[in-house]
Amino acid sequence: MNSALLLTLILLLGLGLRFWNLDAKPLWLDEVLTALFTMGKSSADVPLNVFFSLTDLEQIFSFRSGVSCPQITQTLVHESVHPPLFFCLIYHWLAWLQPNSSNWVWAIRSLPALFGVGSIAALYWLNRVAFSPAAAWFGAALMAVSPFAVYLSQEARHYTLPMLLITLALVMLVKIQQSPRTFTPWLWISWTGINLIGLYVHYFCLLALIAQIGTIALWMFWQRREILRRHWVGLGSGILALGAGYLPWFPIFLSHLSRPETDWLIPYKPDWTDRIAPLYQTLVGWLLMVIALPIEEQPDSIVYFFGSIGLIFALWLGWQIVKGIRRQWRNQLVRPPLLLLSGFVGFVLLEFFAIVYLLDKDLTIVPRYNFVYYPAMGALLGAVLIGGQDQRDKTSNRATPIVLLIVGLLSSLLVVNGFAFQKSYRPTRVAQDMAFEPDQSLVAMVSYRSPQEIALGLSFALELRKQFPPDLVNDRVRFAFVDRTQGYSQVWRTLPQLAQPLPMPLNLWVVASPGMRTKDYPSRLRLSNPATPNRKALCPVDPEEFHRVGFPYQLFRCRSRQE
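Calculation criteria
Residues numbered from 1 in each chain as written. Predicted model: local features only at pLDDT ≥ 70, side-chain atom pairs only at ≥ 80, totals over all residues. Heavy atoms only, no water. Helix = DSSP H or I, 4+ residues; strand = E, 2+ residues; numbered from the N terminus. Buried < 20%, exposed > 50% of the residue type's maximum accessible area, 1.4 Å probe, protein only. Contact = heavy atoms within 4.5 Å. Areas by Shrake-Rupley, 256 points an atom, 1.4 Å probe, with all protein chains shown as cover. Arc of directions from axis to C-beta. 1 Å grid on protein atoms, 1.4 Å probe; cavity = no way out; pocket = protein on both sides within 12 Å on 5 of 7 lines; lining within 4 Å. Points joined across faces, edges and corners; volume = space filled by probe spheres on them. Nonpolar A, V, L, I, M, F, W, Y, C, P; charged D, E, K, R; others polar. Pairing = 2+ DSSP bridges. Axes fitted to C-alpha atoms, helices over the stretch in contact; angles between N-to-C directions. Salt bridge = Lys/Arg side-chain N within 4 Å of Asp/Glu carboxyl O. Phe/Tyr/Trp six-rings, centres within 6.5 Å; stacked < 30°, edge-to-face > 60°. Core = buried A, V, L, I, M, F, W, Y, C linked by side-chain atoms within 4.5 Å. Disulfide = S-S within 2.5 Å.

1. A look at the overall build of the chain
When helices and strands are counted, the chain shows 22 helices and six strands. Over its C-alpha atoms, taken along the principal directions, the chain stretches across nearly 95 × 55 × 50 Å. In the chain, which comprises 563 residues, the share counted as buried stands at 55%. In the chain, of all internal contacts separated by at least 6 residues, the share reaching a separation of at least 24 is 80%. Just so you have it, the chain exposes about 24300 Å², and 63% of that area is on carbon and sulfur atoms.

So this is what it looks like as structure tokens:
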């Protein structure tokens, strides 16, 4: 088959999977932050310390025109811990699309999905340069159906853009490696420019940059008799240019390092199991790059069944990879890029484990951060499982690629339909728990100390709105954010002072911080009652309705006081 036609079909497959049910899954905490920032808004645009109707969400998530990138940057400096380029790009993308209240979720997820498709093409280029046409199309096909890549592409977050940039940077490194006796300035200039853009997209691109520098420097030192000295000048000049280009943002980067937003990565009451968990979590993260099984929110019997299938598959795949590495190592032409890409992965893993064990922040607890080295992993899988530049090699198992592509496709179908890689903090489940008595009026209150907790509450509110008919939601539901900067005593004092229009009886749900236990909630709360403005309603706790999905939420049943 014509290579251009084959690549086109692979890209169409990747495009279809990434846009399938793109807006069907709920927005979670981080995506809500993306929506606010990229619509030109901030947490200041959210009603705070007041009960508001869920119909007000349309105004909160409406696009504000005329906002500049410096203004978005200032919001990010104070309310987030991310560089600005991705958010500015999405803002201009939304300005072009002009989304409305019915398609804005699709709009903010669509550009990351397109970056995900671009990453497929970039991986094809990487393997075409590094290995062979066969490795190129298979690596691209693996990424097209990878459940991990599809999951990242359907997130309104800055994962696929840095993944694309890292892939392009690796292409430049391989081209540099392949021309030790020829100095081509545009390769070093391109490598520098791509990485500088990455540093303004995601801080983890710094980890990728350090890994690239370490890998190519080791290679150049090993091959120092074959390398022109100009390449060392190119590397040094590139590093200096990167430092100069990042200097304006560097003070903000340092201030973000000390912010508490990443403290959730620190294990709660750590013990010896937290020392070994990163090891097997890393292996699970690798497996998720090729297979995802429906084990989330499932009974133990289903978890054990599919877990056993996953283990068997992992052992089979590991054996296929070992055989592929042995086969490819015999090919002298394939060794250099194999070593380069493997070295890059190794350096990133060393950085991950340094952060885990020296800074006590477990990056392996969530698989999404593996986007840093996923392009190299995808390229290596494509190379070792299909063959390298020596097409006379007939020892490879021709069935392995077909099996992997089928497994990947089935796994991606699970992802796009919400059975795998489910959204963090389960906004839909929380909303369903809160609305379990549909005929009862409902008031939900989220305590907050940061924009992240406000975003969490908004993710619940967006899903809670779907649980009620549009013509009844204004009459049945109210939502509030109450300041917790001075502790929960402040929350319990503020809550009764907030006016709310719903009649008694009603259900009051209180979302607290992760450390809150059911016994830490008050035995009863008070809530304003429109029927008796001078006499608050009493809300005794319902001990049978305590839930936790990362954050705890407790039901209180409010009734008018007996005269």
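2. Regarding helix α19 (residues 427-434)
Those residues of α19 that fall on the buried side of the exposure criterion are P427, V430, A431, D433 and M434. Viewed end-on, α19 has its buried residues packed into an arc of 160°, placing them on one side of the element. For α19, the elements touching its buried residues are β1 (441-448), α20 (451-465), β3 (506-511), β5 (537-549) and β6 (551-558).

3. Regarding the layout of surface pockets
One number sums up the size of the second largest pocket: a volume of about 660 Å³. In terms of lining residues, the second largest pocket is bounded by 21 residues, among which W286, I321, I325, M377 and L381 are the most central. Taken together, the elements giving at least two residues each to the lining of the second largest pocket come down to α14 (273-287), α15 (300-329), α16 (335-358) and α17 (374-386). Counting residues per element, the lining of the second largest pocket draws most heavily on α15, at six residues. Within the lining of the second largest pocket, the residues separate by chemical class into 19 nonpolar, two polar and no charged.

4. A look at unusual backbone geometry
Looking along the chain, the bond that leaves M504 and enters P505 is cis, with omega of -5°. One can find P505 in the loop between α22 (488-494) and β3.

5. As for the sheet that holds strand β2 (residues 477-483)
In a beta sheet, neighbouring strands are held together by backbone hydrogen bonds and run either parallel or antiparallel to one another. If you walk across this open sheet you meet the six strands as β2-β1-β3-β6-β5-β4, and the pairing is mixed. Strand pairing shows two members of the sheet lacking a second neighbour, β2 and β4 (524-527), which therefore form its edges. Ignoring which end each strand starts from, the neighbouring axes of this sheet average 30° apart. As paired elements, β3 and β6 share six bridges and run antiparallel to each other. Across the sheet, residue L508 finds its bridge partner in β6, namely F556.

6. Description of the pattern of salt bridges
Within the structure shown, the criterion is met by 15 salt bridges. Residue E437 is joined to R557 by a salt bridge in which the shortest nitrogen-to-oxygen separation is 3.1 Å. In this pair, E437 is assigned in the loop between α19 and β1 and R557 in strand β6, connecting sequence segments 120 residues apart. The class for E437 is partly exposed, based on a relative accessible area of 26%. Between D520 and R517 there is a salt bridge, with the nearest N and O atoms lying 3.2 Å from each other. A residue is classified by how much of its surface remains accessible, and D520, at 32% relative accessible area, is partly exposed.

7. Quick notes on the pairing of β2
The element β2 is largely enclosed, with a buried count of seven among its seven residues. Of the two faces of β2, the one holding V477, F479, F481 and D483 and the one holding R478, A480 and V482 are both buried throughout. As defined by bridge partners, β1 adjoins β2 across seven bridges and the pair is classed as parallel. Bridge pairing in β2 links L442 to V477.

8. Describing the packing of aromatic side chains
On inspection of all chains with the given rule, the structure shows 33 aromatic pairs. Judged by centre distance (6.0 Å) and plane angle (50°), the rings of F52 and F479 are tilted. Here F52, found in the loop between α2 (29-38) and α3 (57-60), pairs with F479, found in strand β2; they are 427 residues apart in sequence, far enough to count as distant. F479 matches F52 in its accessibility class, with the two residues each being buried. Taking the centre distance of 6.3 Å and the plane angle of 10° together, the rings of F204 and F371 count as stacked.

9. Topic: the nonpolar core
Counting residues in each nonpolar core, the largest one holds 161 residues, and the members touching the most others are F61, F344, L458 and L464. Residues in contact with L464, not counting those within four places in the same chain, are L54, A431, M434, A435, L442, A444, V477 and F479. Core analysis: the second largest hydrophobic core is formed by 24 residues, A480, W492, L495 and L502 among them.

10. Quick look at the state of the cysteines
This model, assessed by the stated rule, comprises two disulfides. Residue C69 pairs covalently with C88 via a disulfide, S to S 2.0 Å. Handedness here is read from the sign of the S-S torsion; for C69 and C88, about 85°, the answer is right-handed. Placement of C69 in helix α4 (residues 69-79) and of C88 in helix α5 (residues 85-97) is noted, with a sequence separation of 19 residues between them. Since its relative accessible area comes to 29%, C69 is described here as partly exposed. Of the residues examined, C88 reaches a relative accessible area of 5% and is grouped as buried. Covalent S-S linkage joins C539 and C558, the inter-sulfur distance amounting to 2.0 Å. One quick way to see it: the torsion about the S-S bond of C539 and C558 is about 105°, and its sign makes the bridge right-handed. Note that C539 is positioned in strand β5 and C558 in strand β6, a separation of 19 residues in sequence. C558 matches C539 in its accessibility class, with the two residues each being buried.

11. Thoughts on empty space enclosed by the protein
Over the atoms, a rolled probe matching the size of one water molecule traces out where space is still vacant. With the rule as written, the count across this model stands at three cavities of 30 Å³ or more. In this structure, the largest cavity encloses a volume near 60 Å³. Every residue along the wall of the largest cavity is listed here: L123, G139, L142, M143, S146, M289, V290, Y374, M377, G378 and L381. Taken together, the elements giving at least two residues each to the lining of the largest cavity come down to α7 (133-145) and α17. By residue number, the principal contributor to the lining of the largest cavity is α17, which donates four residues. Residue composition of the lining of the largest cavity, grouped by class: eight nonpolar, three polar and no charged. Top contributing element to the lining of the second largest cavity by residue count: helix α11 (residues 205-222), with three residues. Among the residues forming the lining of the second largest cavity, the class breakdown is six nonpolar, two polar and no charged.

Fair warning: the whole summary comes from geometry, so function is off the table for now.
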